[in-house]
Amino acid sequence: SGTGGFYINNIRSNDKFGNTEKTNLNAAQFQLVLPLKKDKFGLSLGMFPISSSNYNYQYQGSFSAAQTGLGTELNYVTRNHGTGGINYLEMGFGWRIYKNLSIGYAPSIVFGMLKDQVSTNFDLANYQSTRYNKQVSNVGFGNRIGIYYQKSHIFNKKDLLSLGATVDLPVHLNSKESIEYYIPNSSGTAINSNQDLANGSMYLPLKVGFGASYWFSQRVMLG
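We now turn to the structure provided with this report. (Residues numbered from 1 in each chain as written. Predicted model: local features only at pLDDT ≥ 70, side-chain atom pairs only at ≥ 80, totals over all residues. Heavy atoms only, no water.)

Attention now moves to the pattern of salt bridges. Inspection of the entire model under this criterion finds five salt bridges. A salt bridge links R12 to E21; the nearest nitrogen and oxygen atoms lie 3.4 Å apart. Overall, the relative accessible area of 66% leaves R12 in the exposed class. The partner of R144 in a salt bridge is E90, with the nearest N and O atoms 2.9 Å apart. (Salt bridge = Lys/Arg side-chain N within 4 Å of Asp/Glu carboxyl O. Buried < 20%, exposed > 50% of the residue type's maximum accessible area, 1.4 Å probe, protein only.)

Below, the structure is given as structure tokens:
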């Protein structure tokens, strides 16, 4: 069996300069479950995001004639655009140890990249536009454990109660920050340069989840 899907975010905002609206289509969890031994042992493969970064805004400003020394005001527009996120690529195993009780374990690769693109444009030819892209790449390993309980025929012959809990252990991510910038020269040609800024660590904290569902019949469920 398998499951998957997408979700849509619609963001509307306004300030004294005007209104803006943005709609994003993002992938949700995708998972495939395969039985290795019927009703006893199974394998799952999944990929899902746990965080996302998606913003786009601009700032308009100016320098006075006294500041520039050109006898005229200098206007500029700075645009900032961010994308990326952290994702899990997971392989899990589930084992039915008793009639109504199962346990599971899932190791995973945790990876992602956060990008921040910044550009500034001036309205005077004396000042050249600038642009740089800064990014932080992350990779680490995760561990998830879970337990699942299921029992039928509690109040009638058609009902079913399910209880489940999961624990995601903390994840240590190895992080690398780098920058890519464009430098215009006198001939009008942009020189593209890359530079590593720093190596460090990021941490994802312990996460605990719990769920319960009760089927009154094959057609009615409360979760």
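Look at D39: it is not a glycine, yet its phi comes out positive at around 60°. D39 sits in the exposed class, given a relative accessible area of 56%. The backbone of H153 shows a phi angle near 60°, a positive value even though the residue is not glycine. Along the chain, the position of H153 falls in the loop between β9 (130-152) and β10 (160-168). (Helix = DSSP H or I, 4+ residues; strand = E, 2+ residues; numbered from the N terminus.)

Another aspect to go through is the pairing of strand β7 (residues 74-96). With 11 bridges joining them, strand β5 (residues 41-52) and β7 adopt antiparallel strand pairing. Looking across to β7, one finds that L45 is bridged to M91. Of the pairings in the sheet, the one linking strand β6 (residues 55-63) to β7 comprises nine bridges and is antiparallel in character. Within β7, the position partnered with N56 by the bridge is H81. Where β7 lies against strand β8 (residues 101-122), 19 bridges are found, and the strand directions are antiparallel. Each residue of the ladder has a partner; that of W95, found in β8, is I103. (Pairing = 2+ DSSP bridges.)

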